[in-house]
Amino acid sequence: MSAPPVLTAVEPAKRRPTSGNQSFFSSLPWIGPALLLILAMVAFPAGYMIFNSTRKISQVGTDLHSVGLANFVTVFQDPALPRILLNTFVWVVSVVGITVLFSLALAQFLNKPFPGRTIVRMAVIVPWAASVVMTTTVFYYGLDPNYGIFNKFLMDVGVLDEGFGWTKSAVSAMFVSVIVAIFVSIPFTTYTLLAGLQSIPQETLEAARVDGAGRWQTYLFIILPQLRSALAVSVLINIINVFNNLPILKVMTGSIPGTNADTLMTYIFKVLQFDRRLDISSALSVVNFAVVVLIVAIYVKTVKPMKEV
């Protein structure tokens, strides 16, 4: 009787280590379309903007010659620039800050079970789904001193004796612009925070209650730290969106002469539309882009949005 055959283990073939270049080229068919889209939609316009900022361009769009950094010197010597930068700072900080506070409260409310919660959640998203220009135009005509519905209501309840021109002065126009921007920014921020709230394990909240933590203690020391990632990302996206927002301010402050109600975005638009200075507006756009990148870099470095709690 012959002995059974002895099975020997066969060592698996060793894979050859792939270099970074080989890995990149093997994945190129998959990421290639996305890279081309980024180049076409982001890199090329940004590069062309930087190129135009170093040129002398006539009002009819003719590229005359290179001027180096002369356009940037003109921008930084503009006496209106400090007021414009201050307006931009106030605009971004007020809109983002108030939006986040309101959204935190609204997300907490929508996270609770109550009759008709689905309908309320759908209603909250309407300002975000609607056109920003349309929403702002409704507010603009509603604030008209002669026939605006908001002025009529304020007069009916005795707050105003006569219609007030909210969009006729720089301060009041910026004030109502902030309100409109908050109104259209709340839905996205609320839903982002609501998603963060729903990802918090119920066991964690139950453990806090068992340990004797009150509602405010639970919210401050349990819920808010768990919302860190959602809160950080929503704030970052809001900063970028509000900083680059043009439609709201264009509709609300477009009829105000001068630059007292301008931010960087509206001032770029005025220089391009009225002065027809493509070179100066390009230099302003580069400055605007650099400020946004600086703010985002500082924010990401400080807050670390993707850091685990």
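Since this is a predicted model, take the numbers as computed values, not measurements. Think of each chain on its own: its residues are numbered from 1, step by step along the sequence as written. Reporting in this predicted model follows two pLDDT cut-offs: at least 70 for local features of residues, and 80 or more for side-chain atom pairs to be given and counted; totals over whole chains, interfaces and linings ignore these cut-offs and use all residues. For side-chain calculations, the full set of non-hydrogen atoms in the structure is used, while hydrogens and water are omitted.

Participant: Quick question: what am I supposed to make of the overall build of the protein chain here?
Facilitator: Helix numbers and strand numbers start at the N terminus; a helix is a DSSP run of H or I with at least 4 residues, a strand a run of E with at least 2. For the protein chain, the count of helices and strands is 14 helices and two strands. With the radius of gyration taken over C-alpha atoms, the globule rule is written as 2.2 Å times the number of residues to the power 0.38. In terms of overall dimensions, the protein chain is more spread out than a globule: its C-alpha atoms have a radius of gyration of 27 Å, far above the 19 Å expected for 309 residues. Counting only C-alpha atoms and orienting by the principal axes, one finds that the protein chain spans roughly 115 × 65 × 30 Å. Think of it in three bands: with a 1.4 Å probe and only protein chains considered, a residue is buried below 20% of the maximum accessible area for its type, exposed above 50%, and partly exposed in between. Residues classed as buried in the protein chain amount to 36% of the 309 residues present.

Participant: Is there a simple way to think about the layout of surface pockets in this case?
Facilitator: The probe, sized like a water molecule, is rolled over the atoms to show the empty space still left. Whether a set of points on the 1 Å grid over the protein atoms alone is a cavity depends on a 1.4 Å probe fitting there but being unable to get out, while an open set qualifies as a pocket with protein on both sides within 12 Å along at least five of seven lines; lining residues are those with an atom within 4 Å of a point. Grid points are joined across faces, edges and corners, and a volume is the space filled by probe spheres set on the points. Quantified by volume, the largest pocket comes out at close to 510 Å³. For the largest pocket, the lining is made up of 16 residues, of which Gln108, Lys112, Arg209, Tyr219 and Ile223 are closest to its centre. Every element with two or more residues in the lining of the largest pocket is listed here: α8 (170-198), α9 (202-210) and α10 (215-226). The element that contributes the greatest number of residues to the lining of the largest pocket is α10, accounting for five residues. Only Asp, Glu, Lys and Arg are considered charged, only Ala, Val, Leu, Ile, Met, Phe, Trp, Tyr, Cys and Pro nonpolar, and every remaining residue, Gly among them, polar. Residue composition of the lining of the largest pocket, by class: seven nonpolar, six polar and three charged.

Participant: Mind showing me how you'd approach the environment of Thr137 here?
Facilitator: Position of Thr137 among the secondary structure elements: in helix α6 (residues 132-142). The partly exposed category is assigned to Thr137, whose relative accessible area is 27%. Distance from Thr137 to Asp161, taken between C-alpha atoms, is 25 Å for residues 24 residues apart in sequence.

Participant: Help me understand the pairing of strand β2 (residues 63-66), please; the structure alone is not making it clear to me.
Facilitator: Each regular strand carries side chains that alternate between the two faces of the sheet. As defined by bridge partners, strand β1 (residues 55-57) adjoins β2 across three bridges and the pair is classed as antiparallel. Across the sheet, Ile57 pairs through a bridge with Asp63, a residue of β2. A strand pair is defined by DSSP finding two or more bridges across the two strands. Taking the residues between adjacent antiparallel strands as the criterion, β1 and β2 are bridged by five residues, where Gly61 takes a positive phi near 95 degrees.

Participant: Even after reading the chapter, I still don't get the side chain of Ser281, so can you show me in this structure?
Facilitator: Relative to the assigned elements, Ser281 resides in helix α14 (residues 278-303). Note on contacts: a residue pair qualifies if any of its non-hydrogen atoms lie within 4.5 Å across the two residues. Those residues in contact with Ser281, other than ones at most four positions away along the chain, are Ile268, Val271 and Leu272.

Participant: Hey, could you run me through the packing of α9 against α10 in this one?
Facilitator: Helix-helix packing is characterised by the crossing angle of the two axes and by the distance between the axes. Working convention: axes come from line fits to C-alpha atoms, limited for helices to the stretch in contact. Angles between N-to-C directions cover 0 to 180 degrees. Two elements in contact, α9 and α10, have axes whose closest approach is 11 Å; the angle formed by their N-to-C orientations is 145 degrees. Judged by the twist between their axes, the crossing of α9 over α10 is right-handed. Contacts between α9 and α10 involve Thr204, Leu205 and Ala208 on the former and, on the latter, Thr218, Ile222 and Ile223. A class-by-class count of the residues in the contact of α9 with α10 yields four nonpolar, two polar and no charged. Left-handed describes a crossing whose near helix is turned anticlockwise from the far helix by less than a right angle; the clockwise case is right-handed.

Participant: Honestly, unusual backbone geometry in this entry has me stumped. Any pointers?
Facilitator: Across the chain, the bulk of peptide bonds are trans and the bulk of non-glycine residues have phi less than zero. Positive phi values are uncommon outside glycine, yet Arg276 reaches one of about 55 degrees. Inspection of the secondary structure assignment puts Arg276 in the loop between α13 (264-273) and α14.

Participant: Would you take a moment to explain a nonpolar patch on the surface for this structure?
Facilitator: Each patch is built from residues lacking any salt bridge and having more than 30% relative accessible area; the joining distance is 9 Å for like charges and 5 Å for nonpolar side chains (Val, Leu, Ile, Met, Phe, Trp, Tyr). Using a 1.4 Å probe, the Shrake-Rupley method yields the accessible areas, and only the shown protein chains count as cover for residues. Between Lys or Arg on one side and Asp or Glu on the other, a salt bridge is scored when a side-chain nitrogen of the former is within 4 Å of a carboxyl oxygen of the latter. Taken together, Phe25, Leu28, Trp30, Ile31, Leu35, Leu37, Ile38, Met41 and Val42 make up a surface patch of nonpolar side chains, about 960 Å² in accessible area. Mapped onto the elements of the fold, Leu28 is located in helix α1 (residues 20-52).

Participant: In this structure, what is going on with the pattern of salt bridges? I would like to understand it.
Facilitator: Where side chains of opposite charge bring their charged atoms close, a pairing between them can arise. Under the definition given, this model contains four salt bridges. Here Asp156 and Lys152 are joined by a salt bridge, their closest N and O atoms 3.1 Å apart. Of this pair, Asp156 and Lys152 are both found in helix α7 (residues 149-156), four residues apart, which corresponds to roughly one turn of the helix. What makes Asp156 exposed here is its relative accessible area of 53%. Arg277 is the partner of Asp279 in a salt bridge, and the nearest nitrogen-oxygen pair spans 3.1 Å. Residue classification places Asp279 among the buried residues on the basis of a relative accessible area of 0%.

Participant: Explain the environment of Thr259 to me, please; I cannot follow it from the model alone.
Facilitator: Locating Thr259 in the fold gives a position in the loop between α12 (247-253) and α13. A relative accessible area of 22% places Thr259 in the partly exposed class. C-alpha of Thr259 to C-alpha of Glu206: the two residues are 53 residues apart in sequence and 55 Å apart in space. Once residues within four sequence positions are removed from consideration, Thr259 is found in contact with Ala80, Arg83, Ile84, Asn87 and Tyr267.

Participant: Hey, could you run me through α6 in this one?
Facilitator: The complete set of buried residues in α6 reads Thr135, Thr136, Phe139, Tyr140 and Gly142. If you follow the buried residues of α6, they end up packed against α7, α8 and α12.

Participant: How should the confidence of the model for the protein chain be read in this particular structure?
Facilitator: Close inspection of predicted coordinates is inappropriate in any region flagged by low pLDDT. The pLDDT value tells you how sure the predictor is about a given residue, anywhere from 0 up to 100. The pLDDT averaged across the protein chain works out to 83; a share of 91% of its residues lies at or above 70. The lowest-confidence element of the protein chain is α1, averaging 78 in pLDDT; the highest-confidence one is helix α3 (residues 81-110), averaging 92.

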